[in-house]
Amino acid sequence: MYKARPSDPKTSARQRDADRTRAALISAAQTLFSTRGFANTGVREVAELAGVNSSLVNRYFGSKQGLYRETLERVLDITPMLQGDKRRFGENVVSLFLGVPDAPGPLMMLILSAADPEAHATSVELLHKKAIEPLARWLGHPDGEGRAARLHILWSGFLMSRRLLPLPWLEEVRHSSTRRWMEAAIQAIVDEGETWGAP
């Protein structure tokens, strides 16, 4: 009778090490790509922050471009934002944006990729695939794609005005009329065509 051999503990340990290394490199890449940008981040710097040998970037991702793509694919996920009450979307999104203002995020990776043509092309491709298209489907008719694009314009402009080209009066945005405006502007786009409470 055939018996399955137990998995080799050495193989399992190597796989766990490889998974940990990949995760560490992606975490380090997210931090550096979203704070320094793709063009100003080197493979050695990513590896140093991850605490591993720089040759492992090529082993696991093929290149810095490959690392950028996989990192952005993992962190650019809009679906958690689409789980709550649609009628409170503006309020929920602004709270999310303000909850961790200094955390490295995918929007900053997208914005800071512009200095490198290949990374920028990857950013545009994944922005559409992972954010604009799912958001457009969630928004639905009328003009889901256009409304998704307008929301992206609001969000990226807001982030740039707080992080890249900071305006002093946005420091108090948590309790200001600007926050209320942002919530209302987002919600107005979501509400286009909706008939809340209609039979």
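A. How the structure looks around the packing of aromatic side chains. Enumeration according to the criterion identifies five aromatic pairs in this entry. A ring pair is formed by Phe89 and Trp138, whose centres lie 4.8 Å apart and whose planes are at 40°; its orientation type is tilted. Of this pair, Phe89 sits in helix H5 (residues 89-99) while Trp138 is found in helix H7 (residues 117-139), placing the two residues 49 residues apart along the sequence. Take Phe89: its relative accessible area is 2%, and that puts it in the buried class.

B. Structural context of the packing of H7 against helix H8 (residues 144-164). The contact between H7 and H8 brings their axes to 8 Å, and the two run at 120°. With respect to their mutual orientation, H7 and H8 come out oblique. Considering the relative orientation of H7 and H8, their crossing is right-handed. On the side of H7, the interface is formed by Leu127, Ile132, Leu135, Ala136 and Leu139, while H8 contributes Gly144, Glu145, Arg147, Ala148, Leu151, His152 and Trp155. Here the contact of H7 with H8 is composed, by residue class, of eight nonpolar, two polar and two charged.

C. H5, seen in detail. Buried residues of H5: Phe89, Gly90, Val93, Val94 and Leu98, and no others. The arc enclosing the buried residues of H5, seen along the axis, measures out at 155°, which places them on a common side. Residues of H5 that are buried make contact with H7, H8 and helix H9 (177-191).

D. Just the pattern of salt bridges, in detail. Counting across every chain of the model gives 11 salt bridges. Glu70 is the partner of Arg74 in a salt bridge, and the nearest nitrogen-oxygen pair spans 3.1 Å. One end of the pair, Arg74, and the other, Glu70, are both in helix H4 (residues 64-75), four residues apart, so they sit about a helical turn from each other.

E. Structural context of the nonpolar core. Ranked by internal contacts, the top residues of the largest apolar core, which has 50 residues, are Leu67, Leu72, Phe89, Leu135, Leu151, Trp155 and Ile186. The dominant element in this core, judged by the number of residues it contributes, is H7, at nine residues. Those residues within four positions of Leu135 in sequence are excluded, and the remaining contacts are Ile78, Leu82, Ala148, Leu151 and Trp155.

F. Quick look at H9. The end-to-end C-alpha separation of H9 is 21 Å, in line with the 21 Å expected for 15 residues at 1.5 Å each. Within the sequence span of H9, burial applies to Thr178, Arg179, Met182, Glu183, Ala185, Ile186, Gln187, Ile189 and Val190. The secondary structure elements touched by the buried residues of H9 are H5, H7 and H8. One side-chain oxygen of the residue at the start of H9 lies 3.1 Å from the amide nitrogen of Thr178, identifying that residue as Ser176. Looking one or two residues past H9, Gly193 carries a phi angle of roughly 85°, positive in sign.

G. The arrangement of a nonpolar patch on the surface in detail. There is a patch of nonpolar side chains on the surface, built from Met160, Leu164 and Leu165 and spanning about 260 Å² of accessible area. As for its placement among the helices and strands, Met160 is situated in helix H8. Taking relative accessible area as the criterion, Met160 reaches 31% and is therefore assigned partly exposed.

H. Quick peek at the packing of H8 against H9. H9 packs onto H8 with a crossing angle of 165° between their chain directions and a minimal axis gap of 9 Å. When the axes of H8 and H9 are compared, the pair comes out roughly antiparallel. Handedness of the crossing formed by H8 with H9: left-handed. Residue-level inspection shows Arg147, Arg150, Leu151, Leu154, Trp155 and Phe158 of H8 in contact with H9, the latter providing Trp181, Met182, Ala185, Ile186, Ile189, Val190 and Asp191. A breakdown of the residues in the contact of H8 with H9 according to their chemical character gives 10 nonpolar, no polar and three charged.

Here is what the cut-offs are and how they apply
Residues numbered from 1 in each chain as written. Predicted model: local features only at pLDDT ≥ 70, side-chain atom pairs only at ≥ 80, totals over all residues. Heavy atoms only, no water. Phe/Tyr/Trp six-rings, centres within 6.5 Å; stacked < 30°, edge-to-face > 60°. Helix = DSSP H or I, 4+ residues; strand = E, 2+ residues; numbered from the N terminus. Buried < 20%, exposed > 50% of the residue type's maximum accessible area, 1.4 Å probe, protein only. Axes fitted to C-alpha atoms, helices over the stretch in contact; angles between N-to-C directions. Parallel < 35°, antiparallel > 145°, perpendicular 65-115°, else oblique. Left-handed = near helix turned anticlockwise from the far one by under 90°. Contact = heavy atoms within 4.5 Å. Nonpolar A, V, L, I, M, F, W, Y, C, P; charged D, E, K, R; others polar. Arc of directions from axis to C-beta. Salt bridge = Lys/Arg side-chain N within 4 Å of Asp/Glu carboxyl O. Core = buried A, V, L, I, M, F, W, Y, C linked by side-chain atoms within 4.5 Å. Expected span 1.5 Å × (residues − 1). Polar contact = N/O pair within 3.5 Å; in protein donor to acceptor, adjacent residues only side chain to side chain. Patch = residues over 30% accessible without salt bridge, like charges linked within 9 Å, V, L, I, M, F, W, Y side chains within 5 Å. Areas by Shrake-Rupley, 256 points an atom, 1.4 Å probe, with all protein chains shown as cover.

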